[in-house]
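The primary structure of each chain is shown beneath.
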Number of protein chains: 2
Amino acid sequence: MGETWATFGVDLHLDRSGPGLRRGLTDALREAVRSGRLTPGTRLPSSRSLAADLGVARNTVAEAYADLVAEGWLAARQGSGTRVADRTPAAPDRRPAPHRREPGRPTYDLVPGTPELASFPRTRWLRAARRALAAAPDRALGYGDPRGRIELRTALAGYLSRARGVHADPDRIIVCAGFLGGLGMLAELLRRGGACSVAVESYGLPHHRRLLGRAGCDTPPLPFDERGTLPPDGPAAARAVLLAPSHQFPMGLPLLPERRTALIDWARRTGGLILEDDYDGEFRYDRQPVGALQGLDPDRVVYLGTASKSLAPGLRLGWLVLPPSLVEEAMEHMSGRIPGVLDQLTLAEFLASGDYDRHVRAARLRYRRRRDALVAALAERAPDVRVTGIAAGLHAVLQLPPGTEQQVVRAAAWNGLAVHGLSTFRHPEAAVAPLDALVVGYGTPPDHAWAGALDALCRALP
Amino acid sequence: MGETWATFGVDLHLDRSGPGLRRGLTDALREAVRSGRLTPGTRLPSSRSLAADLGVARNTVAEAYADLVAEGWLAARQGSGTRVADRTPAAPDRRPAPHRREPGRPTYDLVPGTPELASFPRTRWLRAARRALAAAPDRALGYGDPRGRIELRTALAGYLSRARGVHADPDRIIVCAGFLGGLGMLAELLRRGGACSVAVESYGLPHHRRLLGRAGCDTPPLPFDERGTLPPDGPAAARAVLLAPSHQFPMGLPLLPERRTALIDWARRTGGLILEDDYDGEFRYDRQPVGALQGLDPDRVVYLGTASKSLAPGLRLGWLVLPPSLVEEAMEHMSGRIPGVLDQLTLAEFLASGDYDRHVRAARLRYRRRRDALVAALAERAPDVRVTGIAAGLHAVLQLPPGTEQQVVRAAAWNGLAVHGLSTFRHPEAAVAPLDALVVGYGTPPDHAWAGALDALCRALP
């Protein structure tokens, strides 16, 4: 739930411009429980987390929780946090009768970030695990190299060089417990020796910022204009920048060549480090993949990849390709962030046998069909909505008329859709004007549910 | 290698009282390469790591490395550190002819910390993986609860309560990437809000201290007398203590009841937290297992367990049982330290099916036979050596005459044994007088090699 809590706030469909934040939040939460969107036993985010996500004071959230505990909708137990109460009050709703339709429990999940889990290749994965374990020497089961198993690092070096244009050799690859294992290690390494600033994009994932913050790094937003993200500016330069150059999340566009050059120039001029988040580089539909930024300057760029989108997030498998000068120090910071050796060996076998390529090709075809259906449906049924960021990845951005985002997110909930507005991903200190848009993840619903999800989405759009 | 680097220093058999540290280190390293103990391509620890392990200045190590690179024994490449050169110089050794026998390449590994890897139940583990994956819902492959899969937390709650006397319920259990994943999370959590001190035992694992240090925690040594470890003392009290009450590592003794009480009293009086490292609680031979300290006060003790000794370190599976008041905050710090869901589900199935208990029982029997053979051989062939810490675990402490430890470690190397002296594990600021002893890990050699290892050990003893 760590990652999904990040986006819990928006699921409440809370209108922050309403009369009194606490009252609005209390009403939204009560409604979510009453309607069944929040089921009995569900653990709510901490008041601190939710307050941060919503950009409100912690007390506002704490008081809303307390009100609902008092009313019996929620239950709080020392230490295990606040949950939806097992039996919710039968007392009549004391609010005035609503003038709008009630959102039901979401039928379709269009929250971006998770691939179609039903297509995880269970049988082939288990077969690869059997072959890998049969071939592994006993010592592979010991503590081993903190960079991970050589079999996987070798397979990754070949794959990343071939498929993503990464300058990789096995000595400079470190296998980590998902993207976040790699980012956490880097944050600890960068913070060593004192305060540290890692600039992030004006739109991005809130839980990346939070992880960096917990590790003691500031996360100022990077400047941003109609041509994309710019390098850090000004005297208080960041020590590193984190960005997704191949497919910006959530905007969905690749970093333009001129901006790539500007970023590399910044890194060379200031000695800064670029952290390249290549979370879904495998999924590009209309032309050749955009090569990794790392290829431009392997001494200035740390490349971070993951199996979370190409296979499944639950594997918690990620990898780093590091500048030579950082490898040794990075190894010392890997303790407690190393994934299990059986998954490592299995992924190595999966890559070496061609199973990985086959799986990615099939998934790419499926996702491309979904995307095409999305574009066609929108052209017909919501011609005023502009779709962007669709050349790659597992999500699209649907640009909305100014000021309508909250309303559309709410309408989507009424139509049984869990979907996020773009504002969910906006850096609280971003210097750009907010944009109204939906971020539609089309990877998650199983294939058979996609037509229904699309229909519900079109009904919610203006 | 992260963990084994910690102990690399002692493998050099470096006599630190010799004429000139740099010269002594250079000679010891050259000899290690020439004799084949360090094989071509082996990566050496960073000069900082080795300097810290040996307690010498970093420059001393850096200069020794530089000398040996110049001589052609080692090779240094920018970024990939220092390695043993592929072809070592054929030039005659310029040192005076040695007056002592040359140690050969170690034949037997008696370094503690790793169980017998050859007995990892590969077939049964794969079968459990197949059953677990067949039963898992698709959503299990997603991001999920940061505490880990409910199947595993439920199975662990039952097992820990039954086998270790831990007060556990699934809500308070967090699955982590090995013991170090849990310790790293706790260090980050404790350091939040500023400086933090985690007291550790006067003898313990250097890489635990290093991990805490990297996370920003001081690690003062706990006082220690002939009756065992004492709670922190004095005005600058620690915020937490880390210790292994069931089977102190490396001393091998359980914490006495009076000391358990004193520790709990300290925690209650000061609001301190006890971090209980129960690394090998499964392996107790002569009587009932010593119950976990956590059972005495689940609100003051964090229990840390691991599959590294009972199954294999490569699984990187560990677990925490937390006081209720810490669960919520701990969940926020788990990002990047969560093990893969397939291993989690497999261990759950392994526990639930009874395979885990069967494996531990069989391993206990094997290790107990080894221990009995060790005790019998020592009684006959080295009657002056006192063996302690043998009621449990996978290692024994062999007490040596004062001042002889380095010499015995060297003699062991001549007999083809990799083994550590007790001084390897001594806290550099420990207030107790150093003791001379060997720490003999009897888990690692495969069964067929144990008799040979024992014979070689006896030959090395005074």
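Rules and cut-offs
- Residues numbered from 1 in each chain as written.
- Chains lettered and ligands numbered in written order.
- Predicted model: local features only at pLDDT ≥ 70, side-chain atom pairs only at ≥ 80, totals over all residues.
- Heavy atoms only, no water.
- Helix = DSSP H or I, 4+ residues; strand = E, 2+ residues; numbered from the N terminus.
- Buried < 20%, exposed > 50% of the residue type's maximum accessible area, 1.4 Å probe, protein only.
- Contact = heavy atoms within 4.5 Å.
- Polar contact = N/O pair within 3.5 Å; in protein donor to acceptor, adjacent residues only side chain to side chain.
- Axes fitted to C-alpha atoms, helices over the stretch in contact; angles between N-to-C directions.
- Left-handed = near helix turned anticlockwise from the far one by under 90°.
- Nonpolar A, V, L, I, M, F, W, Y, C, P; charged D, E, K, R; others polar.
- Pairing = 2+ DSSP bridges.
- Least-squares fit on C-alpha atoms with pLDDT ≥ 70 in both.
- Buried area = accessible area lost by both parts, 1.4 Å probe.
- Salt bridge = Lys/Arg side-chain N within 4 Å of Asp/Glu carboxyl O.

### Focus on the environment of B:Q248
Residue and element names in this part refer to chain B.
Then step 1. Mapping Q248 onto the fold places it in the loop between strand 9 (240–243) and helix 10 (257–270).
Then step 2. Taking the relative accessible area as the measure of exposure, Q248 reaches 7% and is therefore buried.
Then step 3. Separated by 15 residues in sequence, Q248 and L263 have C-alpha atoms that sit 15 Å apart.
Then step 4. Residues in contact with Q248, not counting those within four places in the same chain, are E201, Y203, L253, Y279 and H395.
Then step 5. One polar contact links the side chain of Q248 to the main-chain carbonyl oxygen of Y203, over a distance of 2.8 Å.

### Some points on the side chain of A:R337
Then step 1. Mapped onto the elements, A:R337 comes out in the loop between helix 11 (324–332) and helix 12 (341–352).
Then step 2. In this structure A:R337 comes out as buried when scored by relative accessible area, which is 3%.
Then step 3. At 3.4 Å, the side chain of A:R337 and the side chain of A:E188 are in polar contact.
Then step 4. Excluding its chain neighbours within four sequence positions, the residues that come into contact with A:R337 are A:C176, A:A177, A:G181, A:G184, A:M185, A:E188, B:E188, B:G336 and B:R337.

### Overview of the packing of helix 8 (residues 178–191) of chain B against helix 9 (residues 206–214) of chain B
Residue and element names in this part refer to chain B.
Then step 1. Interhelical geometry of helix 8 versus helix 9 gives an angle of 35° and a closest axis separation of 9 Å. Judged by the twist between their axes, the crossing of helix 8 over helix 9 is right-handed. Listed contacts from helix 9 to F179, L180, L183, G184 and A187 of helix 8 are H207, H208, L211 and L212.
Then step 2. Of the residues contributing to the contact of helix 8 with helix 9, the split by class is six nonpolar, three polar and no charged.

### Section: the sheet that holds strand 16 (residues 420–421) of chain B
The strands making up a sheet associate through hydrogen bonds between their backbones, and the pairing can be parallel or antiparallel.
Residue and element names in this part refer to chain B.
Then step 1. Ordered in space as 13-14-17-16, the four strands form an open sheet in which the pairing is antiparallel. The open sheet terminates on both sides in strands that have one partner only, identified here as strand 13 (386–388) and strand 16.
Then step 2. Here strand 14 (residues 395–399) pairs with strand 17 (residues 437–441) via five bridges, running antiparallel. Bridging across to strand 17, L398 finds its partner in L438.

### Some details on the relation of the copies chain B and chain A
Then step 1. Turning chain B through 180° and shifting it by 0.0 Å along the axis lays it on chain A, with an RMSD of 0.1 Å. When the rotation and shift are considered jointly, the pair of chain copies conforms to a two-fold rotation axis. Within chain B, B:R337 has its C-alpha nearest the rotation axis, a separation of 2.6 Å.
Then step 2. Take the interface residues of chain B: 100% of them recur as interface residues in chain A, which is what a same-surface contact looks like.

### Considerations on the interface of chain B and chain A
Then step 1. The partner chain A presents 71 residues to the 71 residues of chain B that form the contact.
Then step 2. Regarding the contact of chain B and chain A, the summed buried area is about 6000 Å², with carbon and sulfur atoms giving 53% of it.
Then step 3. Taken as a group, B:R122, B:Y143 and B:R214 account for 15% of the area that chain B buries against chain A, more than any other trio of residues on that side.
Then step 4. At the boundary of chain B and chain A, one finds six salt bridges.
Then step 5. Measuring nitrogen to oxygen at the nearest pair gives 2.9 Å for the salt bridge that ties A:D138 to B:R122.

### Examining the sheet that holds strand 11 (residues 301–306) of chain B
Residues and elements named next belong to chain B.
Then step 1. In space, the seven strands of this open sheet follow the order 4-12-11-10-9-5-6, with mixed pairing throughout. The sheet is open, and its two borders are formed by strand 4 (173–177) and strand 6 (217–218), each paired with just one other strand.
Then step 2. Bridge analysis of strand 4 against strand 12 (residues 317–321) gives five bridges, and the strand direction is antiparallel. If you follow A177 over to strand 12, its bridge partner there is L317.
Then step 3. Of the strands in this sheet, strand 4, strand 11 and strand 12 are in contact with helix 7 (residues 150–164), which crosses strand 4 at around 105°.
Then step 4. With respect to the sheet, helix 8 is in contact with strand 4, strand 5 (196–200), strand 6, strand 9, strand 10 (273–277), strand 11 and strand 12, its orientation differing from that of strand 4 by roughly 110°.

### Describing the side chain of B:T346
Then step 1. Assignment of secondary structure puts B:T346 in helix 12 (residues 341–352).
Then step 2. Those residues within four positions of B:T346 in sequence are excluded, and the remaining contacts are B:W125, B:A128, B:A129 and B:A132.

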